[in-house]
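Notes for the structure review
Residue-level listing of the chains:
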Amino acid sequence: MQKITLQEVVTRDGFQIEEQFVTTEKKIELINRLSEAAVDKIEVTSFVSPKAVPNLSDAKEVMNGINRTPGVTYSALVLNLRGTERAAECGVEEVNLVVSVSNTHNKKNVRRTTEQSFENFQEMMDYLSSTKMSVNGTLATSFGCPYEGDVSEDKVLRLVDQYLELGATGITLADTTGMATPKQVFELSEKVLKRWAYLPLALHFHNTRGMGLANVMEGIRAGVTRYDASLGGLGGCPFAPGATGNVCTEDLVHMLTFMGYEVGANLDQLIDSAKYLQDVLGHEVPGQVIKAGKITDLHPISE
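Every residue gets a number counted from 1 within its own chain, in the order that chain's sequence is written. For this predicted model, a pLDDT threshold of at least 70 governs which residues receive local features, and a threshold of 80 or more governs which side-chain atom pairs are given and counted, while totals over whole chains, interfaces and linings are taken from all residues. Side-chain figures throughout are based on the complete set of non-hydrogen atoms in the structure, without hydrogens or water.

Examining the pairing of strand 3 (residues 73-78)
In terms of burial, strand 3 is largely enclosed, as five of its six residues are buried. As paired strands, strand 2 (residues 41-47) and strand 3 are joined by six bridges and run parallel to one another. Residue pairing across strands places Ile 42 opposite Tyr 74, the latter belonging to strand 3. The handedness of the strand 2 to strand 3 crossover, carried by helix 3 (residues 59-65), is right-handed. Pairing of strand 3 with strand 4 (residues 94-100), which is carried by four bridges, proceeds in the parallel orientation. For Leu 77, the partnering residue across the bridge sits in strand 4 and is Asn 96. Here the term right-handed applies to a crossover when the path leading from its first strand over the helix to its second strand runs clockwise, the strands being oriented away from the viewer. The helix count covers DSSP runs of H or I at least four residues long, the strand count covers runs of E at least two residues long, and both are numbered beginning at the N terminus. Taken together, strand 3, helix 4 (residues 81-89) and strand 4 constitute a β-α-β crossover, and its handedness is right-handed. Here's how the labels work: a residue is buried when its accessible area is under 20% of the maximum for its type, exposed when over 50%, partly exposed in between, all with a 1.4 Å probe on protein chains only. Two strands pair if DSSP finds at least two bridges between them.

Brief notes about the side chain of Ser 142
Along the polypeptide, Ser 142 turns up in the loop between strand 5 (134-140) and helix 7 (153-166). Take Ser 142: its relative accessible area is 2%, and that puts it in the buried class. A distance of 2.7 Å separates a polar side-chain atom of Ser 142 from the backbone oxygen of Leu 139. What qualifies as a polar contact is a pair of N or O atoms within 3.5 Å, subject to a donor-acceptor requirement within protein and to the restriction that residues adjacent in sequence count only when both atoms come from side chains.

Structural notes on helix 10 (residues 249-258)
Of all 10 residues that make up helix 10, eight are buried, and the element is covered over most of its length. The set of residues buried in helix 10 consists of Thr 249, Glu 250, Asp 251, Leu 252, Val 253, His 254, Met 255 and Leu 256. Contact criterion: two residues are considered in contact whenever any of their non-hydrogen atoms come within 4.5 Å of each other. For helix 10, the secondary structure elements touched by its buried residues are strand 1 (3-8), helix 9 (212-222), strand 8 (226-229), strand 9 (262-263), helix 11 (267-281) and helix 12 (289-292). Gly 260 sits one or two positions beyond helix 10 and adopts a positive phi of about 95°.

Side note on the packing of aromatic side chains
Note on aromatic pairs: the rings of Phe, Tyr and Trp (six-membered ring only in Trp) are paired at centre separations within 6.5 Å, and the planes decide the class, stacked below 30 degrees, edge-to-face beyond 60, tilted for the rest. Inspection of the entire model under this criterion finds four aromatic pairs. Ring centres of Phe 143 and Phe 205 lie 6.0 Å apart, and the angle between their planes is 45°; this geometry places the pair in the tilted category. With Phe 143 in the loop between strand 5 and helix 7 and Phe 205 in strand 7 (residues 201-205), this residue pair connects regions lying 62 residues apart in the sequence. For Phe 205, a relative accessible area of 1% corresponds to the buried category. In textbook terms, an aromatic cluster arises when at least three aromatic residues are bridged by ring pairs, as seen for Phe 118, Phe 121 and Tyr 163. To sit over a ring, a charge needs its Lys NZ or Arg CZ within 6 Å of the ring centre and within 35 degrees of the ring normal. Across the ring face of Tyr 276, the terminal group of Arg 33 is positioned such that the distance to the ring centre comes to 4.1 Å.

Some points on the environment of Tyr 147
Structurally, the position occupied by Tyr 147 is in the loop between strand 5 and helix 7. Along the chain, Tyr 147 and Leu 173 lie 26 residues apart, while their C-alpha atoms are 18 Å from each other.

And the structure:
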């Protein structure tokens, strides 16, 4: 069976929308737990304005405080040159650039049109060319926009090309508000991989309408082997109405493991980490496996 690469986003995408501020120490503890569970990549934080995303205002302290496990890639989201410089100062291995395919959503998110964001990326890429950091380009609202509705596949393909021309080494297609359908995921993913056969393509799904895991399976059928997921199913964009949690990490690993796919992350450690996360937040998380247990957790027959 295929090897599926797991990219954990809970301490960035998950925490950015929480009402409470999770302390720096608890963020570091959670990231260390995820590293020990052997996820492939962790998007640790976001180097953006503390006014825009106050829950990630401790990005520098978190990045400098974590234990680095060999084999795990530590990335961060950046939106401008200053954020990129701060990420470099903290030893980030990969930066994640984000632009929305939808102009309306991009203006809501960063107060720029999509093309203006790409113009801004050029000076960031000029700086990054002198560093060892790799660059991933994310296209938000790739499968639909909560303001504009349908998104053109041709525009998605054109923007993938723009990212690659800039020098991005990987691409993520993001379903920012859970509007993707399995059929749509298969068709768009297949088109991207047919045009760029060796592209490290990742998919980022939200489970807003309950189709997250189904979308993953159609992505795999199209040939995509890299997936973002969030421990406990936390997450959501503050600038997109109704953007509830991401595909749940432990639920995804549970499904793939019992289907025979090769997944490097340790399921039991992820479940324990999800329980720790729930204790930290003081409320239930959307994940299902921590409630129901693994399918191998059998119960005694009552007399």
